[in-house]
Amino acid sequence: MRECFELRDTDAGGRIGELSVPRADVTVETPALLPVINPNLDTISPRRLADEFGAEILITNSYIIHGDDDLRERALADGLHDMLDFPGAIMTDSGSFQLSEYGEITVTTEEILEFQHEIGSDIATPVDIPTPPDVPREQAERELETTQERLEIAEDVDTGEMLVSAPVQGSTYPDLRERAGRHAEDTDLDVFPVGAVVPLMNDYRYDDVVDVVAASKRGLGADAPVHLFGAGHPMMFALAVAMGCDLFDSAAYALYARDDRYLTVRGTRALEEIDYLPCSCAVCTDHSPDELRALPDDERESELAAHNLHVTFAEIRRIKQAIRAGNLLELVEQRARAHPTMLDGYRTLLDHAAQLEQSDPVSKGSFFYTSHESARRPEVLRHHERLERLSVPDSLLLTEGSAPRSDEYDDSWRVEPPFGPFPRALSKSYPLTAEVPDRTDRAALAAAADGVARLVDVNPDANITLAHDGWPAAVLERVPDDVALVDLTAA
């Protein structure tokens with residue numbers, strides 16, 4: 001068990017946790033956003049990030065500091081916390097991003113970890129190889145081997161109380177990502193960034209991002225704090241948290257502001273296209289779009305960056321509340337409607353429902369069926385799997401209607417889309433209290449039929465009758481042939 005990370009609440013793959021950062025003497029509540037600080041720029045000061053936005057942790061680049069004589073001397077003399085004037089935890093990157101952009105860097109893993117320790121970093125990063133998506137498998141395997149060798153080197157560097165991250169690479173090969181996760185889990189390192197996903201996010205390949213994270217998580221332990229490197233847009237935070245990511249670093253707030261772009265949880269808008277500001281942060285209540293556009297360049301950039309941060313931190317708080325309330329997947333579903341590729345990401349997330357079910361609470365507040373994707377949620381899968389635990393009589397009626405008054409059957413159970421059959425005594429148990437539209441869609445009916453099929457499969461000797469409200473023929477084809485069918489709408 002990793003002593004630096006403790007889980008408090010879970011929902012689907014998402015969790016609220018506490019990351020203890022001993023060198024900073026702080027505990028960071030996750031999910032957490034790490035604003036990226038460029039040591040050569042000061043769009044929003046680190047002190048303001050803490051005081052105004054509530055940032056508990058940030059990330060900056062030790063390689064940039066190492067390569068600049070003035071910055072290096074200041075960092076060595078004053079330490080990162082005083083140099084940046086930040087009271088929370090500070091994570092530092094190693095130069096791997098520059099390696100992916102420019103092909104080479106001038107430091108080794110030992111050198112950059114020792115430098116990060118010398119300047120007072122609280123969470124350091126070794127020099128991994130960020131293998132891009134879709135490369136030949138041989139390249140992905142070769143570069144993963146190099147990354148794993150460097151993680152083993154990092155274990156032997158004396159870093160004191162400084163936490164050290166263990167990046168998980170493997171390109172877009174799920175088996176390599178899972179292997180990388182297992183290797184990282186077996187080290188003595190502390191935080192686990194899933195790396196080289198920025199190209200996927202830049203191309204809106206959220207389905208591939210989900211598969212990459214899901215594979216990495218299969219290799220990592222349940223108590224491993226997972227950092228999604230380079231994930232900075234609030235539109236996809238809920239999806240990433242539902243996958244099991246705990247930390248996000250974002251330069252988007254500043255980069256978009258520099259280009260006059262305005263962040264929302266549904267995407268990004270060019271400031272010149274906005275007639276009404278849909279946000280109630282201080283920036284948007286104090287300015288009209290015309291007033292923002294009229295500001296001098298530096299001031300407009302600062303105001304837009306502040307708005308972008310307000311939106312981003314608000315989404316993190318919204319996600320935490322959704323986890324606590326047990327409705328994270330409903331928030332993910334809302335965000336998935338912001339863009340077709342986000343919907344691809346959500347549907348891919350549900351491909352991993354069995355993996356999510358392992359951490360999803362057995363009982364929550366409510367289950368809202370809001371689209372056909374809801375039929376694939378972990379709660380539905382769990383109900384089908386647990387049907388084998390129920391005692392079934394010799395003769396059983398499954399019905400969407402009322403219990404029969406005759407003694408034709410030994411017992412009568414309810415059938416409720418999308419869950420399928422269950423004893424009436426469980427009607428008040430989660431998730432069978434679900435709110436489902438009266439106009440039930442085909443996916444919910446199909447899931448209910450699959451539940452019937454599952455019950456029959458684990459009770460082959462029972463005589464089962466299904467009384468349904470006019471289910472379509474294509475749905476009834478999912479029901480085993482030896483189940484007697486009664487159409488309640490034909491009476």
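Data block above holds the structure.
Residues numbered from 1 in each chain as written. Predicted model: local features only at pLDDT ≥ 70, side-chain atom pairs only at ≥ 80, totals over all residues. Heavy atoms only, no water.

J.: Describe the sheet that holds strand β18 (residues 484–487), and please don't skip the residues or the numbers.
T.: Spatial ordering of the open sheet is given by β16-β15-β14-β17-β18, a layout of five strands whose pairing is mixed. In the strand order of this sheet, the two ends are held by β16 (420–422) and β18, each with one partner. Taken over all neighbouring pairs, the strand axes of this sheet differ in orientation by 25° on average, direction set aside. With three bridges connecting them, strand β15 (residues 411–416) and β16 associate as antiparallel partners. The partner of Val415 across the bridge, within β16, is Pro421. Here helix α20 (residues 442–458) sits on the sheet and contacts β14 (395–399), β15, β16 and β17 (463–468); the angle it forms with β16, its principal contact strand, is near 55°. (Pairing = 2+ DSSP bridges. Helix = DSSP H or I, 4+ residues; strand = E, 2+ residues; numbered from the N terminus. Axes fitted to C-alpha atoms, helices over the stretch in contact; angles between N-to-C directions. Contact = heavy atoms within 4.5 Å.)

J.: Tell me about the packing of aromatic side chains, and please be specific about residues and values.
T.: Under the defined criterion, the tally for this structure stands at four aromatic pairs. With a centroid separation of 6.4 Å and an interplanar angle of 25°, the aromatic rings of Phe53 and Phe313 are classed as stacked. Of this pair, Phe53 sits in helix α1 (residues 46–53) while Phe313 is found in helix α15 (residues 297–325), placing the two residues 260 residues apart along the sequence. For Phe53, a relative accessible area of 6% gives the class buried. Measuring from ring centre to ring centre gives 5.3 Å for Phe367 and Phe419, while their planes differ by 70°; the resulting arrangement is edge-to-face. In this pair, Phe367 is assigned in the loop between α18 (353–357) and α19 (378–386) and Phe419 in the loop between β15 and β16, connecting sequence segments 52 residues apart. Classification of Phe367 by relative accessible area gives buried; the value is 0%. The positively charged end of Arg377 is found above the aromatic ring belonging to Phe367, 4.0 Å away from the centroid. (Phe/Tyr/Trp six-rings, centres within 6.5 Å; stacked < 30°, edge-to-face > 60°. Buried < 20%, exposed > 50% of the residue type's maximum accessible area, 1.4 Å probe, protein only. Lys NZ or Arg CZ within 6 Å of the ring centre and 35° of its normal.)

J.: Any details on the sheet that holds strand β3 (residues 26–30)? Residues and values, ideally.
T.: One open sheet holds the three strands; their spatial order is β1-β2-β3, and the pairing between them is antiparallel. Looking along the sheet, the strands with just one partner apiece sit at the ends: β1 (5–11) and β3. The mean angle between the axes of side-by-side strands here comes to 15°, regardless of whether they run parallel or antiparallel. In terms of strand pairing, strand β2 (residues 14–21) meets β3 through five bridges, oriented antiparallel. Considered in β3, the bridge of Leu19 is made with Val28.

J.: Please provide a residue-by-residue account of the environment of Gly14, values included.
T.: Tracing the backbone through its elements, the reader meets Gly14 in strand β2. For Gly14, a relative accessible area of 0% translates into the label buried. Sequence-distant contacts of Gly14, defined by excluding residues within four places in its chain, comprise Asp9, Val241, Ala242, Ile323 and Leu328.

J.: Residues and numbers for the packing of helix α6 (residues 109–118) against helix α7 (residues 137–155), please.
T.: Contact geometry for α6 and α7: axes closest at 10 Å, N-to-C directions at 45°. In terms of orientation, α6 lies oblique with respect to α7. For the crossing formed where α6 meets α7, the hand is right-handed. Together, Thr109, Glu110 and Leu113 of α6 and Arg150, Ile153 and Ala154 of α7 make up the contact between the two elements. (Parallel < 35°, antiparallel > 145°, perpendicular 65-115°, else oblique. Left-handed = near helix turned anticlockwise from the far one by under 90°.)

J.: I'd like a rundown of the state of the cysteines, residues and numbers included.
T.: Scanning the entire structure with this criterion turns up zero disulfides. We note that Cys245 lacks a disulfide partner, and the nearest cysteine sulfur, in Cys4, lies 16 Å from it. Taking relative accessible area as the criterion, Cys245 reaches 0% and is therefore assigned buried. Cysteine Cys281 shares no disulfide, and the gap to the nearest cysteine sulfur, in Cys279, comes to 3.6 Å. (Disulfide = S-S within 2.5 Å.)

J.: Residue-level account of α20, with values.
T.: Counting along an α-helix, one turn takes 3.6 residues, and residues three or four places apart therefore face a common direction. Between its first and last C-alpha atoms α20 spans 25 Å; for 17 residues at 1.5 Å apiece the expected length is 24 Å, and the two agree. The element α20 is largely enclosed, with a buried count of 12 among its 17 residues. Its buried side turned inward, α20 meets α19, β14, β15, β16, β17 and α21 (473–476). Between the side-chain oxygen at the start of α20 and the backbone nitrogen of Ala443 there is a gap of 3.2 Å, and the oxygen is on Asp441. (Expected span 1.5 Å × (residues − 1). Polar contact = N/O pair within 3.5 Å; in protein donor to acceptor, adjacent residues only side chain to side chain.)

J.: How would you summarise the pattern of salt bridges if you had to cite specific residues and measurements?
T.: If the charged atoms of two oppositely charged side chains come close together, the side chains can form a pair. Counted by the stated rule, this structure contains 35 salt bridges. Measuring nitrogen to oxygen at the nearest pair gives 2.9 Å for the salt bridge that ties Asp9 to Arg324. In this pair, Asp9 is assigned in strand β1 and Arg324 in helix α15, connecting sequence segments 315 residues apart. Note on Arg324: relative accessible area 51%, which makes it exposed. Linking Glu52 and Arg48 is a salt bridge whose minimum nitrogen-to-oxygen distance equals 2.6 Å. With Glu52 and Arg48 both in helix α1, this residue pair falls four residues apart, about one helical turn. What you see here is one network of salt bridges that share partners, running through Asp11, Glu330, Glu357, Asp360, Lys364, Arg377, Glu379 and Arg382. (Salt bridge = Lys/Arg side-chain N within 4 Å of Asp/Glu carboxyl O.)

By themselves these figures say nothing about function.
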